Structures are given as structure tokens and as C-alpha cells.
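Inside the fold
Listed below, chain by chain, are the residues.
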Amino acid sequence: METLARVQDPELGGNIVELGMVTDVRIDEGHVEVGLALTIAECPLRNHLEGETRRRIADLPGVEDASVRVTAMTKKQRAELMSTVRLKARDNATPTRVSPATRVIAVASGKGGVGKSSLSSNLAAALALAGHQVGILDADIWGFSIPRMLGVEGRLQADADTKLIEPLVAHDVRVVSTGSIIDSEETALMWRGPMLSKALEQFLTQVDWGELDYLVVDMPPGTGDVQMALARSLPQAEMLVVTTPQKAAQKVAVRVADMARRSHMPIVGVVENMSGEMFGSGGGAELAEDLGVPLLGSVPLDHAVVQGSDNGRPVVIDGTGPAAGSILAIRDRIAELMPPLRMETCSGRIAKLIAELEEGSAPASV
Ligand SMILES: Nc1ncnc2c1ncn2[C@@H]1O[C@H](COP(=O)(O)OP(=O)(O)O)[C@@H](O)[C@H]1O
Ligand SMILES: [Mg+2]
């Protein structure tokens, strides 16, 4: 087993023993056979893993020949492997100021203009309305729109003693965006380069987020560096994929989801935005089915969303128009799928207490 533990899966970042890929080892005199369960039978790394395993075992003194029997993992084995990988990523991640108990929702889409920022700001405000501690991180460094949508003004400042950046607050949401550092999107474009590309990292390590139940991250469109960086530094992050009802939008959305899976970010579900007579509907449901994740809801095309964004007052605050209702329902669904961890432990404790009481001699009521 020690020898086998030297065989690394370069993609998952771990050795085949800790990743649970070694199913069995049979030794008959000088003949050794190792059973390897790979994530999928046509795993692109199959040759590498098989060859490495054979080579390492054959190198051992007393071994005449080594063979490897490859099988595909069961669903359950794969789920276990994924949680091992995520735990490892968490251990290796650079420390951030976002508590590991904070649920992180990365709102992503294949392309711009589908309503990521509108949904992010509304979802954050809706979660805060429900009494949760909420932060929003505008990770669309060059195309930020969160400050305008939530109506925050003013500039981010660092605390004189701690040197940590204090988030701005709007609608009970703690807000951090490059838009609150610089004056205009034109300036952002001029800053393109190392200064702003480090912004995300700084927002995670140098902002005093406090105890958050939820951190909503408004992702830049498409796949790329930001997605990878987020998966690396916030291993608890889960992706919410936004799509419009059209076919073309689904195709690009599949690509973001693929990327998420490659960086081991689970997908909490799909939201279809702008559904209705103009663009049709059903694209979100198809995408959700393709990805094997829940459709969290459909948000209709609704002018109140645009107005809310322009006025810095997300529609969920006043609850006017059909979109607000859908977004509130989506919020409830998310809170169900990703309950705040503090509440989870708390209700766990309460459940235990009740169970103990019920086991006790005295009936709870007469
Ligand atoms: N459900 C909706 N109904 C009507 N307009 C919407 C809806 N969702 C978003 N919009 C509008 O569409 C435009 C793009 O939305 P935005 O959230 O900025 O997209 P993204 O962040 O994906 O680029 C904005 O003008 C926004 O007000
Ligand atoms: Mg946006």
C-alpha cells in the first residue's frame, strides 16, 4: 500500500490510495494483481494510472510480474472520492477571511447579459430579508454592476487598526466590489492587469466579512481564472448556473458547468431567467436535466427588475411584480438545499434535545 500511495492522480491532486481507488491487491508468490477503480472507465488518465501502478509494483523486490485490473467506480464510491478531494482542497487552500461555515453561492453563466448580477443582488437581498447574515462579492472585476444595483455609494475603507477592508452595507447586505474602489468602468479597463486581477484574492483575504451565513459571488461571464481561483480559495463554494430560455444560452451554460466540475465545485442548481412570451421557456429545465441538477426556478421577464436595478432597490425588497415572487421562492429553495450551517448545527442540537426528552420518562405535555 505504501508503494501504491506513491501513484498520484495529477488531476484530482491526491494518491490512488487516499482517493479510494485501490479496490484490492492479490498476491500469489511473485504475481501481484491490483484492482483500480477509476472515476469513469474511459478516464483520460487511465493509461497513466495503470502504467504507473504496474511500474511501481513491478519495481518491488520479489515481484515477478504485476498486472492491473481497471474497473469504474460506483456512484457511491465516486461521491466519497469527491468529498475526499474537497476536504483536501480545503486543507490546502490559502486562508481566507470567509469562515468555512459560510455557504458560498457562485452565480455564473456562460455569457453576459443573462441576469447574473440582477439575480445575485436580488438573491442576496432576499436572503438578508429572511434574517440571514449575507455578503455579496462582485467578482466581475471589470464589468461590476453590484454597487449600482444595490444602491451603495461611497468608497471601501480599511480600518485604521486592523488594516482590514470594511464592506459597505445596503439592504442589510455587506457589499464588496471593485466598483467601490474606483470611479468608473473606464478606470477599471485602464487598470487591467496585475492590480485588478489580484482584487479577488484581496477581497477574500483582506475584507472583514464577519460571520456570514451566505456569501453570494457575482461571477464574471464565462469560464476562466476567476472560477478556478474561487474554487481553490473557497472549496465550499457551490455554483448556481443562470441561463435564458434559448438553446444557444444552454450550450454555453453547459461549458461553465463542465468547468465547475473540473474544479470540483458542485452545482446547486439552474435558474432560468427572462422566461415568458418573448424568449419562451423550458430551456432552464432542459439544462438542469442535462446537468443532473435541480431547476431552482424560472424568473419571468419583468420590467420591475430593470427599474429596481436602476434605482438601487432590488425588486424583492418591495415584492412588486412577478419576478420578485419567483426570486423569493428560489431563495427558499436554496435555503433548503444549502441551509445555513449555524442553523443546521443549532437545529441538530434541538432535534437531539427533543429526542432525549421523548426518551425520558415524563411525557412532554398532559
Ligand atoms: N427577469 C428580468 N426581467 C427583465 N429584465 C431583466 C431580468 N433580469 C435581468 N434583466 C435586465 O437584463 C440586463 C442584464 O442583466 P444583468 O443582471 O446585468 O446580467 P449579467 O450580470 O448576466 O450580465 C439588465 O439590464 C437587467 O436589468
Ligand atoms: Mg453582471
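This section reports on the structure supplied with the text. All residue numbers refer to positions counted from 1 along the written sequence of the respective chain. By the order in which they are written, chains take letters starting at A while ligands take numbers starting at 1. Local features in a predicted model are, by the rule used here, given only for residues with pLDDT of at least 70; side-chain atom pairs are given and counted only at 80 or more, and totals for whole chains, interfaces and linings are based on all residues.

Considerations on unusual backbone geometry
Despite not being glycine, D172 has its phi angle at roughly 65°, a positive value. We count a stretch as a helix when DSSP gives it H or I for four or more residues in a row; a strand needs E for two or more, and each element gets its number in order from the N terminus. Looking at where D172 falls in the secondary structure, it is placed in the loop between strand 10 (168-170) and strand 11 (173-177). Positive phi is not limited to glycine here, since M274 has a value of about 65°. By the element assignment, M274 lies in strand 14 (residues 267-275).

Points about helix 10 (residues 283-291)
Along helix 10, the residues that are buried comprise G283, G284, L287, A288 and L291. Down the axis of helix 10, the buried set is contained in an arc of 135°. They therefore lie on one face. By the criterion used throughout, residues are in contact when their C-beta atoms, derived from the backbone, lie within 7 Å. Contact partners of the buried residues in helix 10: strand 13 (238-243), helix 9 (247-262), strand 14 and strand 15 (295-300). The positive-phi residue at the C-terminal boundary of helix 10 is G292, with phi of around 70°. Comment: burial labels come from other C-beta atoms within 10 Å of the residue's own C-beta, placed from the backbone, where a count of 20 or more is buried, 12 or fewer is exposed, and between is partly exposed. Read the arc as the range of directions from the helix axis to the C-beta atoms.

Digging into the packing of helix 3 (residues 116-129) against helix 13 (residues 322-337)
Their axes nearest at 9 Å, the elements helix 3 and helix 13 cross at an angle of 65°. With respect to helix 13, the element helix 3 is oriented roughly perpendicular. Two packed elements cross with a definite hand, and for helix 3 against helix 13 that hand is right-handed. In this structure, helix 3 contributes N122, L123, A126 and L127 to the contact, and helix 13 contributes I327, L328 and R331. Here the residues of the contact of helix 3 with helix 13 sort into five nonpolar, one polar and one charged. Axis definition: a line fitted to C-alpha atoms, limited for helices to the stretch in contact. Angles are taken between N-to-C directions and run from 0 to 180 degrees. An angle counts as roughly parallel when it lies under 35 degrees, as roughly antiparallel when it exceeds 145, as roughly perpendicular when it falls between 65 and 115, and as oblique in every other case. Crossing handedness: left-handed means the near helix sits turned counterclockwise from the far one by under a right angle, and right-handed means the same turn made clockwise. Amino acids are sorted into nonpolar (Ala, Val, Leu, Ile, Met, Phe, Trp, Tyr, Cys and Pro), charged (Asp, Glu, Lys and Arg) and polar (every other residue, Gly among them).

Details of the site of ligand 1
Placing a C-beta atom from the backbone of each residue, we mark the residue near a molecule or strand if the atom is within 6 Å of it. As a matter of local geometry, ligand 1 sits amid 18 residues, with G115, K116, S117, S118 and V306 nearest to it. A per-class count over the shell around ligand 1 returns seven nonpolar, nine polar and two charged.

Some words on the nonpolar core
With 74 residues, the main nonpolar core has I105, A106, V107, V216, V217 and V241 as its most contacted residues. If you tally residues by element for this core, the top one is helix 3, at seven residues. Setting aside residues up to four positions removed in sequence, V217 forms contacts with V104, I105, A106, V107, L137, A139 and L230. Counting 14 residues, the second-largest nonpolar core is a separate cluster that includes V7, I16, V32 and L81. In these notes, a nonpolar core means any group of buried Ala, Val, Leu, Ile, Met, Phe, Trp, Tyr and Cys residues linked to one another through C-beta atoms within 7 Å.

With respect to the sheet that holds strand 11
Pairing between two strands requires that DSSP report at least two bridges joining them. Spatially, 10-11-7-12-6-13-14-15 is the arrangement adopted by the eight strands of the open sheet, whose pairing is mixed. The open sheet terminates on both sides in strands that have one partner only, identified here as strand 10 and strand 15. Between one strand and the next, the sheet's axes are offset by a mean angle of 25°, whatever the strand orientation. Relative to strand 15, strand 14 runs parallel, the two being bridged by five bridges. When the bridges of strand 15 are listed, N273 appears paired with V299.

A few points about the environment of L234
Topologically, L234 is positioned in the loop between helix 8 (225-233) and strand 13. Residue class for L234 comes out buried when judged on the 23 C-beta atoms lying within 10 Å of it. Linking L234 and S99, residues 135 residues apart in sequence, is a C-alpha distance of 9.4 Å. For L234, the residues in contact, after removing those within four places along its chain, are T96, V98, V104 and L204.

Re helix 1 (residues 46-58)
A helix's residues, less one, multiplied by 1.5 Å, set its expected span. Across its 13 residues, helix 1 extends 18 Å between first and last C-alpha, which sits within 8% of the 18 Å expected from 1.5 Å per residue. In this fold, the buried residues of helix 1 make contact with strand 1 (8-9), strand 4 (31-38) and strand 5 (65-72).

Remarks on the sheet that holds strand 4
Here we have three strands laid out as an open sheet, ordered 3-4-5, and mixed in their pairing. Each of the sheet's edge strands pairs with one partner strand only, and the pair in question is strand 3 (22-28) and strand 5. Strand-to-strand twist of the sheet, defined as the mean angle between neighbouring strand axes without regard to direction, takes the value 15°. Sheet topology note: the strand 4/strand 5 ladder contains eight bridges and is parallel. Paired with H31 across the bridge in strand 5 is D65. Strands in contact with helix 1 are strand 4 and strand 5; relative to strand 5, the strand with the most contacts, it is inclined by about 150°.

Details of the pairing of strand 12 (residues 214-218)
Counting buried residues in strand 12 gives five out of five residues, a clear majority hidden from the surface. Burial along strand 12 is two-sided: Y214, V216 and D218 facing one way and L215 and V217 facing the other are all buried. In this structure, strand 7 (residues 134-138) lies alongside strand 12, joined through five bridges in parallel fashion. In the strand pairing of strand 12, I136 is matched with V216.

Purely geometric stuff here, so don't read any function into it on its own.
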